[in-house]
Amino acid sequence: MAWDPWSCWHWLVLICVCAWGHARPVDLRREGMRNCSTIPHYLPVTVVNTTEQLTALRQQMHTNNLSAYIIPNTDAHMSEYIGEHDKRLTWITGFTGSSGTAVVTMGKAGLWTDSRYWIQAEQEMDCNWELHKEVGSAPIVSWLLTEIPAGGRVGFDPLLFSIGTWKSYDMALKGSDRELVSIKTNLVDLVWGSERPPVPNQPIYFLQENFTGSTWQEKVSSIRSQMQKHPKAPTAVLLSMLDEIAWLFNLRSSDIPYNPFFYSYTLLTNSFIRLFVDKSRINSETLQYLNSSCTGPMCVQLENYSQVYDKVQAYASGAVRIWIGTSNTMYALYKVIPEDKVVAETYSPVMITKGVKNSKEQDLLRDSHVRDAVPVIRYLVWLQKNVPKGIVNEFSGAEQLDSFRREEKFFSGPSFKTISASGLNAAMAHYSPTKEIHRNLSSNEMYLVDSGGQYWDGTTDITRTVHWGTPSAFQKEAYTRVLIGNIDLSRLIFPADTSGPVGFQSSSITMSKGMFTSIEPGYYQDGEFGIRLEDVALVVEAKTKYPGTYLTFEVVSFVPYDRNLIDVSLLSSEQLQYLNRYYQTIREKVGPELQRRKLLEEFEWLQQHTEPLSAGAPCTTFLASLVAVSTIAILDWSI
């Protein structure tokens, strides 16, 4: 899963998660996990000692008369990935996962995170920290009510709480004789001090027109048109999500890992445009591109990043209405706008608009996926030759894949940290190796690689699972069932007004023609192996014999699945026909690219792995009772 530095869009994820098996007793030392029940504690080398950090933080809490302090793992813009400057939770806990909330009281410290990160947390946190295997504000508030006395004050940074997060904590604490207190200066920042990494200062630049679907002027005009048609007649749109601002102005930089964004806010009205940013990072060419020398309705006026609160508050003092997306606006901004002047909707108009790609953007994204298939195929061929030699590990493999991608035209970097997982490590859905901690790849184990690239014309994200030896019947059936989930989701036809839940939340967004989707079924056998097959797909109109508008998917990932793991007898005739058509498409699109580059070995590999499959004899399955849970999640990509 990833973000596109050159192209920004809404990314819908269709996930079929298949899971069975029983948890086994875990040898904590073998797994490199802490054991706080022994004297002395057993702590693996990956653990960070946080005693000094906690002592200093509690001193600040005492100064501010706080009984507890909440530390979410986010930045002031709710970025999916956060820069080193904003990794407060990692600094205070030692935990490097991308999702979690820490709470510190005068006597205890706890981390709440989801199941993707339970093992990782046990490997990285010392015994100062309790691990709570729950998410959301409710379990945190329940814990707080038992840990802090009546009259206690719970502090938080309003820059790091969304409107929804603030409301959930505030409502849960009402009537408990505990108070939720907004603390303007972040206490972790105070104790982090001079060791805190600096704010990024790389140049902010604009994309060339051949890599964008519309000019920024066209995008601004579209948003203003939506403002004018809105029944509540908003006079302004306030943007705080970095991807929305990068998309709106076709601007890029490198403040966020794996993302091409820059710290900024935007206030867009019918008469002016204000971009709050570090002005020193914008050169004269970009200033000219933004028409920043004028003050008209199509001139982008630059303001200092830190002035956004004062400027928004001043604007809100007039006869205005400000349109915000409540799912991605922080409480610090929300509270400076009088309630009767807020036009609140779940998403901003930019979030919705950028989710639907025009024909030029669709073609750009298709092209990027054809090119990205080349390094992935090169990598699979390289693995096939080198894994039997015993010279490849998870980390060196991931580096080799990055190396192949760096050779591609328009490549700017990986779109997320590569998940390169062998054997039992693949059962951890978000495992990534390090230079110090990794496993060797073996012909006797399954291997999962989930990776992606950032290109000027699009972002890619693809997962393949392979086995170079003789897989067990159980592994083949599990793989084939996952493949069936992928095929059936890819072939799905549904009404045009279909909506789905957003991630772990209850919100929904309507799927529309022109949106891009990731279809990624998976199965994870604890302690043994993991399987995931992920493809990116475009939402397109389906041709049916029925009245009304229906949608389906056009898969734009072009790498074949592992024939060694497919039990053809489990596929229906329709599924087999779909798979063979998909393989023919791969041949037609990627084959010429490999030939053009004279990658003859890779071309031969592609021809072999896309040979049409024929139906096999039916067999009795031992996974007939498999239960699949399907969800639709939203990720936020852009062009």
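Residues numbered from 1 in each chain as written. Predicted model: local features only at pLDDT ≥ 70, side-chain atom pairs only at ≥ 80, totals over all residues. Heavy atoms only, no water.

*Asks:* Would you take a moment to explain the overall build of the protein chain for this structure?
*Replies:* From N to C terminus, the protein chain includes 17 helices and 30 strands. The burial tally for the protein chain puts 56% of its 639 residues in the buried class. In the protein chain, once contacts between residues fewer than 6 apart in sequence are set aside, the share between residues at least 24 apart is 74%. Total accessible area on the protein chain stands at roughly 26,500 Å², and carbon and sulfur atoms take up 51% of it. (Helix = DSSP H or I, 4+ residues; strand = E, 2+ residues; numbered from the N terminus. Buried < 20%, exposed > 50% of the residue type's maximum accessible area, 1.4 Å probe, protein only. Contact = heavy atoms within 4.5 Å. Areas by Shrake-Rupley, 256 points an atom, 1.4 Å probe, with all protein chains shown as cover.)

*Asks:* Whenever I open this one, the pattern of salt bridges confuses me. Can you help?
*Replies:* Where charged atoms from two side chains of opposite charge approach closely, those side chains can pair. A full pass over the atoms with the stated rule returns 30 salt bridges. With a shortest N-O distance of 2.6 Å, Arg-597 and Glu-408 are connected by a salt bridge. Of this pair, Arg-597 sits in the loop between helix H16 (573–596) and helix H17 (600–609) while Glu-408 sits in the loop between helix H14 (394–406) and strand S16 (411–414), and the two are 189 residues apart along the sequence. Exposure remark for Glu-408: the relative accessible area of 5% places this residue in the buried category. Here Arg-597 and Glu-593 are joined by a salt bridge, their closest N and O atoms 2.8 Å apart. What makes Arg-597 partly exposed here is its relative accessible area of 27%. (Salt bridge = Lys/Arg side-chain N within 4 Å of Asp/Glu carboxyl O.)

*Asks:* Can you walk me through the sheet that holds strand S20 (residues 458–459) in this structure?
*Replies:* Within a sheet, each strand pairs with its neighbour through backbone hydrogen bonds, oriented either parallel or antiparallel. Judged by pairing direction, the sheet is antiparallel, and its 3 strands sit side by side in the order S16-S19-S20 without closing on themselves. Since the sheet does not close on itself, it has two edges, and those belong to S16 and S20, each with one partner. In this sheet, S20 lies alongside strand S19 (residues 453–455) in antiparallel orientation, the contact comprising 2 bridges. Bridge pairing in S20 links Gln-454 to Thr-459. (Pairing = 2+ DSSP bridges.)

*Asks:* What exactly am I supposed to notice about the packing of helix H15 (residues 473–490) against H16 here?
*Replies:* The axes of two packed helices give the description: the angle between them and the distance between them. Where H15 meets H16, the closest approach of the two axes is 10 Å, and the angle between their N-to-C directions is 80°. Here H15 lies roughly perpendicular to H16, going by the angle between them. Of H16, the residues touching H15 (which contributes Leu-483, Ile-484, Ile-487, Asp-488 and Ser-490) are Gln-575, Tyr-578 and Leu-579. For the contact of H15 with H16, a count of residues per class yields 5 nonpolar, 2 polar and 1 charged. (Axes fitted to C-alpha atoms, helices over the stretch in contact; angles between N-to-C directions. Parallel < 35°, antiparallel > 145°, perpendicular 65-115°, else oblique. Nonpolar A, V, L, I, M, F, W, Y, C, P; charged D, E, K, R; others polar.)

*Asks:* What exactly am I supposed to notice about the environment of Thr-498 here?
*Replies:* In this structure, Thr-498 sits in the loop between strand S22 (494–495) and strand S23 (499–501). On the accessibility criterion, Thr-498 (22% relative accessible area) is partly exposed. Sequence separation between Thr-498 and Met-511 is 13 residues; the distance between their C-alpha atoms is 6.0 Å. In contact with Thr-498, not counting residues within four places along its chain, are Ile-509, Thr-510 and Met-511. Within the structure, Thr-498 has its side chain in polar contact with the backbone oxygen of Pro-495 (distance 2.7 Å). (Polar contact = N/O pair within 3.5 Å; in protein donor to acceptor, adjacent residues only side chain to side chain.)

*Asks:* Looking at this model, I keep getting lost on the pairing of strand S26 (residues 522–525). Mind explaining?
*Replies:* Each regular strand carries side chains that alternate between the two faces of the sheet. Residues Gly-522 and Tyr-524 of S26 are buried on one face, and the alternating residues Tyr-523 and Gln-525, pointing to the opposite face, are buried as well. When S26 meets strand S27 (residues 529–532), the two strands line up antiparallel, connected through 4 bridges. Its bridge partner being in S27, Gln-525 is matched across the sheet by Phe-529. In this antiparallel pair of consecutive strands, S26 and S27, the connection spans 3 residues, and Gly-527 shows a positive phi of 80°.

*Asks:* Would you mind showing me how to read the pairing of strand S21 (residues 462–467) here?
*Replies:* Of all 6 residues in S21, 6 are buried; the element is thus mostly enclosed. On S21, burial covers both faces: Ile-462, Arg-464 and Val-466 on one face and Thr-463, Thr-465 and His-467 on the other are all buried. Here strand S18 (residues 446–451) runs beside S21; their pairing, made up of 6 bridges, is antiparallel. Residue pairing in the sheet places Asp-450 in a bridge with Thr-463 of S21.

*Asks:* I tried to follow the side chain of Glu-244 on my own but got confused; where do I start?
*Replies:* With respect to the helices and strands, Glu-244 occurs in helix H8 (residues 242–249). Put simply, Glu-244 is tucked away with no salt bridge, and the nearest opposite charge, on Lys-354, sits 6.4 Å away. Apart from the residues lying within four places of it in its own chain, the contact partners of Glu-244 are Leu-239, Asn-328, Ser-348, Val-350, Met-351 and Lys-354. (Lys, Arg positive; Asp, Glu negative; His and termini not counted.)

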